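Okay, here's what each chain looks like letter by letter:
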Amino acid sequence: MAYNITWTAEFETGIAIIDDQHKRIFDYLNEIDRAIACKSVEEIERVIKAIIDYSISHNTFEESLMEKAGYPLLEAHHQVHERFKERAHAYGARFEKGEDPIRLAREVRGDIGLWLTNHIKRDDKHYVSDVKRSLEGGFVARMLAKFF
């Protein structure tokens with residue numbers, strides 16, 4: 001197998017819903033490992049499609065939080081996500097064209113795993129304070145409205 005991809009505190013953003021989604025992507029990466037070990041083409045196909053779909057929808061959700069927060073680097077972050085989406089869809093297309101599923105699954109796992117871990121530690125950490133402030137401000141504003 002490739003290098004071990006395990007969720008640790010270094011990946012936490014402190015935004016529970018984002019951390020939960022990131023953990024789910026880590027889970028998918030481990031599911032790819034299990035599917036490769038079992039040599040199950042059906043399971044490989046299911047997990048590859050799931051991780052691609054889930055990761056892309058996660059990125060869209062993440063961007064919606066950044067937009068609400070007025071994050072100034074949203075467009076740059078969006079472009080990083082768009083490059084990821086292109087690569088992810090290319091993997092799906094290669095699977096559909098009949099490439100060796102085990103070799104492709106190893107490549108997907110390594111590429112997406114490396115991309116995800118680097119992206120969380122570098123790019124995602126930058127928007128955290130803006131998004132947290134926005135989320136907390138929304139909550140505080142709603143609570144104050146109830147009392148005043």
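Above this text you will find the structure in question.
The structure presented is a predicted model; accordingly, all values stated were derived computationally and were not measured.

Enquirer: Help me out: how do you make sense of the packing of helix 2 (residues 41-69) against helix 3 (residues 74-96) in this one?
Expert: Across the interface, helix 2 lies against helix 3 with an axial gap of 10 Å and an inter-helix angle of 165°. Comparing the axis directions of helix 2 and helix 3 gives the class roughly antiparallel. Crossing geometry of helix 2 relative to helix 3 is assigned as left-handed. In the contact of helix 2 with helix 3, the residues fall into eleven nonpolar, seven polar and seven charged.

Enquirer: Could you clarify how one ought to interpret the nonpolar core in this entry?
Expert: In summary, soluble globular proteins display a tendency toward joint burial of nonpolar side chains. With 29 residues, the main nonpolar core has Ile-51 and Val-108 as its most contacted residues. Elements represented by at least two residues in this core include exactly helix 1 (16-38), helix 2, helix 3 and helix 4 (101-147). Counting residues per element, this core draws most heavily on helix 4, at eight residues. Counting residues in hydrophobic clusters, the runner-up holds nine residues, among them Ile-15, Tyr-71, Val-128 and Val-131.

Enquirer: I keep staring at the pattern of salt bridges and nothing clicks. Help me out?
Expert: Here the idea is simple: oppositely charged side chains can pair when their charged atoms come close. In total, this model carries 15 salt bridges according to the counting rule given. Glu-31 is paired through a salt bridge with Arg-24; the nearest N and O atoms lie 3.0 Å apart. Each of Arg-24, Glu-31, Glu-43 and Arg-46 takes part in a single network of salt bridges with overlapping partners.

Criteria and thresholds
All residue numbers refer to position in the chain's written sequence, counted from 1. Totals for whole chains, interfaces and linings use every residue, but because this is a predicted model, local features are given only for residues with pLDDT of at least 70 and side-chain atom pairs only at 80 or more, for both listing and counting. Values shown for side chains rest on all heavy atoms present in the structure; no hydrogens or waters enter the calculation. Here an angle of 0 to 180 degrees is reported between the N-to-C directions of two axes, which are lines fitted to C-alpha atoms, with helices fitted over the stretch in contact. Helix and strand assignments follow DSSP, with helices taken as H or I runs no shorter than four residues and strands as E runs no shorter than two, numbered in order from the N terminus. For classification purposes, angles smaller than 35 degrees are called roughly parallel, those larger than 145 roughly antiparallel, those between 65 and 115 roughly perpendicular, and all remaining angles oblique. Rotating anticlockwise by less than a right angle from the far helix to the near helix defines a left-handed crossing, while the corresponding clockwise rotation defines a right-handed one. Residues are sorted three ways: Asp, Glu, Lys and Arg are charged, Ala, Val, Leu, Ile, Met, Phe, Trp, Tyr, Cys and Pro are nonpolar, and all the rest, Gly among them, are polar. Buried Ala, Val, Leu, Ile, Met, Phe, Trp, Tyr and Cys residues form a nonpolar core when they are joined through side-chain atoms within 4.5 Å. A 1.4 Å probe rolled over the protein chains alone gives each residue an accessible area, and that area as a share of the maximum for its type sets the label: buried under 20%, exposed over 50%, partly exposed in between. Should a side-chain nitrogen of Lys or Arg be within 4 Å of a carboxyl oxygen of Asp or Glu, the pair is scored as a salt bridge.

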